[in-house]
Amino acid sequence: MSEIDLAVIKPEMMKLYVWLQTSDDSIQQVEQEIAMFCPLICQEIIQKGMGSSKSCAICLPQQVSPAMLSLILDYCRFHQVPGRSNKERKSYDEKFVRIDTERLCELTSAADSLQLKPLVDLTSRALARIIEGKTPEEIRDIFHLPDDLTEEEKLEPLRNITADPRIRLLNRLYAKKRKELKERERLKLYIVLGLAAQFFCFFYQSCQTQVSISSVASIPKMHHQPLTKLNVEVEEEHVDERSVDDLLSFINGNDGDPKGVKTSKNKKKNRRKKEQQKSSSLKEESELNKKEVNGHDIRHQSSEAERISETLYLPYADDDTFSPKVEFDDGDIDDEIDPALKEKIDREVEDFARRLNSDWPERMQELLSSGQERETILFTTDGFLRRHAWSNCIVPYPVNL
Amino acid sequence: MDVEAEIDRLPIDLLAHIFVLFTSFTDLAQASGVCKKWKQGVKESLARRHNLSFAGWKMDDDSTARLVFHAYNLTKLEIPRSCWGCQITDAGLLRISFAKCISNLTSISLWGLTGITDEGVVQLISRTRSLQRLNVGGTFITDESLFTIARSCPKLETIVLWSCRHVTENGLFALVDQCLKLKSMNVWGTRVPVECLNNLLIVSPALQIKV
C-alpha cells in the first residue's frame, strides 16, 4: 500500500477518542469529534492536552452523571452531523426534552456545567413552559421545593400584578354581558307575550267584522307563507285555488251542505268558547316556557326564547278561525260590485300580499326589537287606503273596518 | 444527593436564565413567591433584561417602579397606555427616575399616558444622559418638558410628539437648537403652524418632520 493510499485511508480508519471521567469516577471513551462539541471538554483538550489516555482522563463537573453524559452525547451526536434540516433538528429537540421534570433539571444543570449553551437554552425553555401559568403552591408540588418565605415576603415582590389583570377584567366583562343578555331575553319574552295577547285581541275583533269577497279570495295566499316561515314544524297548508265564484257559492251554502249557513249567534258563542280555551292554554304554555328559560343556562336562553316566540304564533296556524274554509255571515255581501273596481281591488290585494309576505321576516325582527308604534296600511273594500296605528301589530291580511 | 429537589441544585444564575424566558409578569410574580432562592432568581432575571415593555399590562406606579428598580441593566423602557387604562402618574415617574438604569436608558416610551404631566416627565428626563429615542405622544406635556429634554438629552435622535396639543413653536425651537443629533420629529396632531415647521427646517435641514 503506497503512502498516498495511506494518506487517503488514514482519517477514515483512525477515529480519535478522548477519555472522560464522570461524577461517580467511572471513565468512558468518547469520540473526540463529538466530545469537542462541549466547550468545556474542548478547552481541556486544546489548552491542557487532557483526555488522550485513561490515566489523564478529563474530569467532568460533579453535576454530570453517566446517565446525563450519555444524554448529552446523544444530543451532540445528532447535532454534529452536517446536512440536517432545521425541521429535523427542531423535531429532535422537541422529543429530546420530553422527559420527567427531575431529569430535565438534572440535564439543565449538566449542560450548564459543560457550557453547552444550545442545550441549556433548550432545557431552560422546557422548564419555563412547565413553570408558566402555575401558582407558587403548584410549582412547589411539582419540584418538591420548600416554602421558606414569610408572609410579608410573599406579598412584597410584585404585589399589584400577582393576579392577571386581563383575567380579572374579562371576568368582570363576562359577568356584565351575562346580566345584559338575561335582561334582553326577559324583555324579548315580554314583547313576544304582549304581541301574542295583542294579536289575539285584534284577531278576535276582526273576526267579528265582515270581510269582503276579494279579501276572502286572497286569505290563503297571504297567511300561508309567513306562518310557515315562523315555525318550520308547521305542516304546509293547502293553498285554496278555487275561483271567487266557487268561494261565493260555498259561502252562500250552494255546495250541497243541507244545513246551509249557521246563524251568527251560534257561531259567536262557539267562537267565544274556543277563544277562552286557547287563551288559557296559551297562558299555561307561556308560564311553563318562562320557568324553563329562567331555569336554563344563559347560553341556551336565546334559542329558548326563539322557540317560545315560535310556539306563541302556532295557534294561529292551526286555528280554523283563520283557515281558508271560514264561514262568514253573508248578510252584507254586496254582489253588485263594479267589475273594473273589483279587478282593481284584486290587483291591490295581490300586490299587498306580495309585499307583506316578502317583508315578513324583517317585519317580525323589527317587531321584536322595538316596542314603538307602527303604521299599518290596510285596504278597504271600496278601494281606498286607510292608515291605522296599532302598537306592535301587523295585520297579516286585509280586513274590512 | 436528594433527587426530589433536583431543581434546587440549579445555581441562581441558571434559574435567572430560565426566568428571563418568561413573557408574562404574572408568571414572574408567581415564581418569586415560591421560595427565597427563586425570589432571588427573579430579581437576577430582571437585572439581566435590557428591554422592559409593559405594553398590554395594567401597571400602577408601585409595581412599575419596583420592576424598573430591579432591572438595572435596562436600556429600553416602554410604559405605553394599554387597553386596560392608564394607571401611571407623576408619582410613578418620580420613583422610576431614581432607578439605577435611568442614566443608561437609550429609549423611553410614555405613549398615551394621560395621567402624567410636565412635573413627572421633567423629573424622569432630567436624570437621563444617553437618551436617543423618546415617545411622549398622546400626553399633555407642554414646552416645559421640551426645554428639559433639550437640556438633558444631547444624544436625542428621534422624538414623537404625536397629538401633544399643548406644545408650541418655542419648545420645538429649543429642541432643534440644543439636540444637535436630532434626525426625526413627529408633530402630527399638534397645533404648531406650518410656517414654524418651515423655520425649523431652515435651522436643521436634515431634520425629518412627520406631520
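Keep in mind it's a predicted model, so treat the numbers as computed, not measured.

**Let's talk about the confidence of the model for chain B**
When pLDDT is low, close inspection of the predicted coordinates is not appropriate. Mean pLDDT over chain B: 88, with 95% of residues reaching 70 or higher. Mean pLDDT across the elements of chain B ranges from a minimum in helix α4 (residues 61-70) of chain B, with 86, to a maximum in strand β3 (residues 107-109) of chain B, with 96.

**A closer look at the interface of chain A and chain B**
Each side of the interface is counted separately: chain A has 42 residues, and chain B has 39 residues. Between chain A and chain B, the buried area comes to about 3900 Å², and carbon and sulfur atoms account for 64% of it. Counting across the chain A and chain B interface gives zero salt bridges. Secondary structure elements with two or more residues in the side of chain A that touches chain B: α6 (101-113), α7 (117-131), α8 (136-143), α9 (151-155) and α10 (165-208) of chain A. The greatest single-element share of the side of chain A that touches chain B, amounting to seven residues, is contributed by α7(A). Its residues assigned to classes, the side of chain A that touches chain B shows 16 nonpolar, 10 polar and 16 charged.

**Topic: the pairing of strand β2 (residues 27-31) of chain A**
Residues and elements named next belong to chain A. Two elements, strand β1 (residues 17-21) and β2, share five bridges in a ladder whose sense is antiparallel. When the bridges of β2 are listed, Gln21 appears paired with Ile27. Hairpin connection, β1 to β2: the antiparallel pair is bridged by five residues, and Asp25 has positive phi, about 70 degrees.

**Some details on the side chain of Ser24(B)**
Secondary-structure assignment places Ser24(B) in the loop between α1 (12-20) and α2 (25-32). A distance of 3.3 Å separates a polar side-chain atom of Ser24(B) from the backbone nitrogen of Asp27(B).

**Describing the packing of aromatic side chains**
A complete count under the given rule lists nine aromatic pairs over all chains for this structure. With centroids separated by 5.8 Å and ring planes inclined at 50 degrees, the aromatic side chains of Phe143(A) and Trp38(B) adopt a geometry described as tilted. Taken together, the residues Phe143(A) in helix α8 and Trp38(B) in helix α3 (residues 36-48) connect one chain to another. With respect to burial, Phe143(A) and Trp38(B) carry one shared label: buried. Seen in terms of ring centroids, Phe25(B) and Phe54(B) are 5.1 Å apart; in terms of plane orientation they differ by 35 degrees. Their pairing is tilted. Of the two residues, Phe25(B) sits in helix α2 while Phe54(B) sits in the loop between β1 (51-53) and α4, which places them 29 residues apart along the sequence.

**Side note on the sheet that holds strand β3 (residues 58-59) of chain A**
Sheet strands associate in pairs through backbone hydrogen bonding, adopting either a parallel or an antiparallel arrangement. Read across the sheet, three strands follow the order β2-β1-β3 (chain A) without closing on themselves; strand pairing throughout is mixed. Looking along the sheet, the strands with just one partner apiece sit at the ends: β2 and β3 of chain A.

**Looking at the sheet that holds strand β2 (residues 76-78) of chain B**
Residues and elements named next belong to chain B. In space, the seven strands of this open sheet follow the order β1-β2-β3-β4-β5-β6-β7, with parallel pairing throughout. Here the strands that pair on one side only, and so sit at the sheet edges, are β1 and β7 (208-210). Each strand of the sheet is rotated relative to its neighbour by a mean of 5 degrees, with strand direction disregarded. Judged from the three bridges that link them, β1 and β2 form a sheet pairing that is parallel. Bridge pairing links Asn51 to Lys76 in β2.

**A word on helix α4 (residues 66-80) of chain A**
At 3.6 residues per turn, the α-helix brings residues three or four places apart onto the same side. Residue and element names in this part refer to chain A. Between its first and last C-alpha, α4 extends 20 Å over 15 residues, near the 21 Å set by a 1.5 Å rise per residue. Listing the buried residues of α4 in full gives Met68, Leu69, Leu71, Ile72, Leu73, Tyr75, Cys76, Phe78 and His79. Along its buried surface, α4 packs onto β1, β2, α2 (32-35), α5 (86-96), α6 and α7.

**Here's the deal with the environment of Lys181(B)**
Residues and elements named next belong to chain B. Relative to the helices and strands, Lys181 resides in the loop between α8 (169-178) and β6 (184-186). In this structure, the C-alpha to C-alpha distance between Lys181 and Thr158, residues 23 residues apart in sequence, is 8.8 Å. Contact partners of Lys181, with chain neighbours within four places excluded, come to Pro154, Lys155, Leu156 and Glu157.

What counts as what
- One numbering rule holds for all chains: residues counted from 1, following each sequence as written.
- Chains and ligands are labelled by the order in which they are written, letters from A for the one and numbers from 1 for the other.
- The predicted origin of the model limits local features to residues at a pLDDT of at least 70 and limits the giving and counting of side-chain atom pairs to 80 or more, whereas totals for whole chains, interfaces and linings rest on all residues.
- Note that water and hydrogens are dropped before the side-chain values are worked out from all heavy atoms of the structure.
- Here pLDDT means the predictor's own confidence in every residue, given as a number from 0 to 100.
- For the purposes of this entry, the term helix denotes a DSSP run of H or I that reaches at least four residues, the term strand denotes a run of E that reaches at least two, and both are numbered from the N terminus.
- The contact rule is simple, with two residues in contact once any of their heavy atoms fall within 4.5 Å.
- Two parts placed together each lose some accessible area under a 1.4 Å probe, and the buried area is that loss summed for both.
- Salt bridges are defined by distance alone: a side-chain nitrogen of Lys or Arg within 4 Å of a carboxyl oxygen of Asp or Glu.
- Polar here means any residue outside two lists: the nonpolar Ala, Val, Leu, Ile, Met, Phe, Trp, Tyr, Cys and Pro, and the charged Asp, Glu, Lys and Arg; Gly therefore counts as polar.
- Criterion used throughout: strands pair if DSSP finds at least two bridges between them.
- Polar contact is defined as a pair of N or O atoms within 3.5 Å, subject to the rule that within protein one atom must be able to donate a hydrogen and the other to accept it, and that residues adjacent in sequence are counted only when both atoms are side-chain atoms.
- The pairing test for Phe, Tyr and Trp rings, Trp by its six-membered ring, is centres within 6.5 Å, and the orientation test on the planes gives stacked under 30 degrees, edge-to-face over 60, and tilted for anything in between.
- Relative accessibility under 20% of the residue-type maximum defines a buried residue, over 50% an exposed one, and the middle range a partly exposed one, all with a 1.4 Å probe and only protein chains included.
- Here, axes are lines fitted to C-alpha atoms. For helices the fit covers the stretch in contact, and angles between N-to-C directions go from 0 to 180 degrees.
- Between the first and last residue of a helix there are one fewer steps than residues, each counted as 1.5 Å, and that sum is the expected span.

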